[in-house]
Amino acid sequence: MPMKVGVARETTAGERRVALVPEALGKLTAAGLEVLVEAGAGDGAMIPDQAFKDAGASVVATDELYAQSAVILRVQKPAGAEVSRLRSGQAVVGLLSPLLDAALMQTLAGAGVTAISLDAIPRTLSRAQTMDALSSQANVGGYKAVLIAANTYGRYFPLLTTAAGTAKPANVLILGIGVAGLQAIGTARRLGAVVSAYDVRPETAEQALSLGAKFVKLKTSIDATGSGGYARALTPEEQAAQQAELNEVIGNQDVVITTAQVPGRKPPLLVTAAAVANMRPGSVIVDMAASALGGNCELSRAGETIVTDNGVTIVAPDNLPASMPASSSQFYARNISSLLLNMVKDGALALDFEEEVTKATVITHGGAVVAESVKKLLAPAGGAA
Ligand code: NAD
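Residues numbered from 1 in each chain as written. Predicted model: local features only at pLDDT ≥ 70, side-chain atom pairs only at ≥ 80, totals over all residues. Heavy atoms only, no water.

> Please give an account of the environment of Gly14 that cites residues and values.
Here Gly14 shows up in the loop between strand 1 (3–7) and helix 1 (25–30). For Gly14, a relative accessible area of 59% gives the class exposed. (Helix = DSSP H or I, 4+ residues; strand = E, 2+ residues; numbered from the N terminus. Buried < 20%, exposed > 50% of the residue type's maximum accessible area, 1.4 Å probe, protein only.)

Written out as structure tokens, the structure reads:
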């Protein structure tokens, strides 16, 4: 009997992505897997059930999906009702945010569920690049953030000379040159803006230049290269120096797009209320880092758009990848299928904990939390893990 892999319908508010798209089915069936799709799973991404059937999947009701699947594929972590449907021996794969919700991991472990999280992939391992959902989704986000900025800005992005006059190009500043920032630079350049960009990892300067942006070099040189390709948090002194210099740069921008993150911490504050007060009316800030933890802009409110007294619009969009569900699902489907196939042998899930990707992404297994990072979070304060 082939192993059954189920594709869940997402239930988080505003989530329009789906974990698998019909085009991605072939690789799974070729590996001897049978694919079940929860009815309506593709609705948000405008993928009809019939398209999944045509690609070889069976479309089933929710009860049947959870009863029959050995592995459930999803985008977001399961919500309460979905958690209670999962059973011992079953595996669930998705962007489970284990470090933000260690309690859920403990619940899944207690229920005997194997939880596998795409956000724990070792991102510098080149073999794992096709599985890197953080990158594929950040890419969509960086692109969409620029479109939102352009749509909100009341002027042209490109230089335009017409019989009715000349439009000056927009000055766009991208703060944080990771995956999202690089895509934002490319997209803003394609729209004709004059783009500058800044990051605390010096290696990003060349990447920004190669995409046609100017790298903002502060007088106070800061190298905050951390581990795994990420940035480390700045010291209070570095942060103060950065803020003072950035305030000046920000005042000359029409559009600022912020994408800066430091793993496991709240996002760094890069655009202060004072910097916003210095911006011209009509300027736009899109804060991609904004969440309940705060954002890169002091004034942004997650999920909201506000206009300040001095006429600056600050957009803090929620879940940008979900606003382009067809593309984000297409890329995500590739990521999750690659990850799954990496763990399948002879048509069945075969976890090899010596293998790097398995070791990093399997969070719970055999009734226990196995990921060290999550175990640490669950250990009683002061107690041994
Ligand atoms: P991220 O979302 O964690 O952060 C976004 C950017 O914010 C980073 O470039 C970071 O340096 C920057 N940042 C942090 N604090 C800042 C501050 N105070 N001021 C300005 N900028 C600040 O990062 P990400 O986009 O997920 O990826 C980060 C890195 O990992 C990139 O270099 C990326 O290329 C690398 N990466 C490598 C691989 C690979 O090798 N296969 C895969 C994915 C990502």
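> Account for the sheet that holds strand 19 (residues 368–369), naming residues and giving values.
Pairing is mixed across the open sheet formed by eight strands, whose spatial order is 3-2-1-4-5-6-18-19. Each having just a single partner strand, strand 3 (58–60) and strand 19 make up the two edges of the open sheet. Across two bridges, the pairing between strand 18 (residues 362–365) and strand 19 is antiparallel. Looking at the pairing, Thr364 lines up with Val369 of strand 19. Along the sheet face, helix 11 (residues 325–342) touches strand 1, strand 2 (33–38), strand 4 (71–76), strand 5 (91–95) and strand 6 (114–117) and points at about 145° away from the line of strand 4. (Pairing = 2+ DSSP bridges. Contact = heavy atoms within 4.5 Å. Axes fitted to C-alpha atoms, helices over the stretch in contact; angles between N-to-C directions.)

> Quick rundown of the packing of helix 6 (residues 133–152) against helix 11? Include the residues and the values.
The N-to-C vectors of helix 6 and helix 11 enclose an angle of 170°; their axes lie 9 Å apart at closest approach. The pairing of helix 6 with helix 11 is recorded here as roughly antiparallel in orientation. Between helix 6, through Ala133, Ser136, Gln137 and Val140, and helix 11, the contact on the second element is made entirely by Ser328, Phe331, Tyr332 and Asn335. Among the residues forming the contact of helix 6 with helix 11, the class breakdown is four nonpolar, four polar and no charged. (Parallel < 35°, antiparallel > 145°, perpendicular 65-115°, else oblique. Nonpolar A, V, L, I, M, F, W, Y, C, P; charged D, E, K, R; others polar.)

> Requested: an account of the sheet that holds strand 14 (residues 305–307), with residues and values cited.
What holds strands together in a sheet is hydrogen bonding between their backbones, with the strands either parallel or antiparallel. The seven strands are arranged 11-10-9-12-13-15-14 in an open sheet whose pairing can be described as mixed. Strands with a single pairing partner mark the edges of an open sheet, and in this sheet they are strand 11 (214–215) and strand 14. Here strand 9 (residues 171–175) runs beside strand 10 (residues 194–198); their pairing, made up of five bridges, is parallel. Along strand 10, the bridge assignment pairs Asn171 with Val194. Contacts between helix 9 (residues 236–251) and the sheet are confined to strand 9, strand 10 and strand 12 (255–258), with strand 9 contributing the most and set at about 155° to the helix.

> Mind laying out the environment of Leu65, listing which residues take part and the relevant values?
Structurally, Leu65 is set in helix 3 (residues 62–68). You can call Leu65 buried: its relative accessible area is 0%. Separated by 228 residues in the primary sequence, Leu65 and Leu293 have C-alpha atoms spaced 35 Å apart. Apart from residues lying up to four places away in sequence, Leu65 is in contact with Gly6, Val7, Ala8, Leu36, Val37, Glu38, Val60 and Ile72.

The quantities given are spatial measurements derived from coordinates; they are silent on function.
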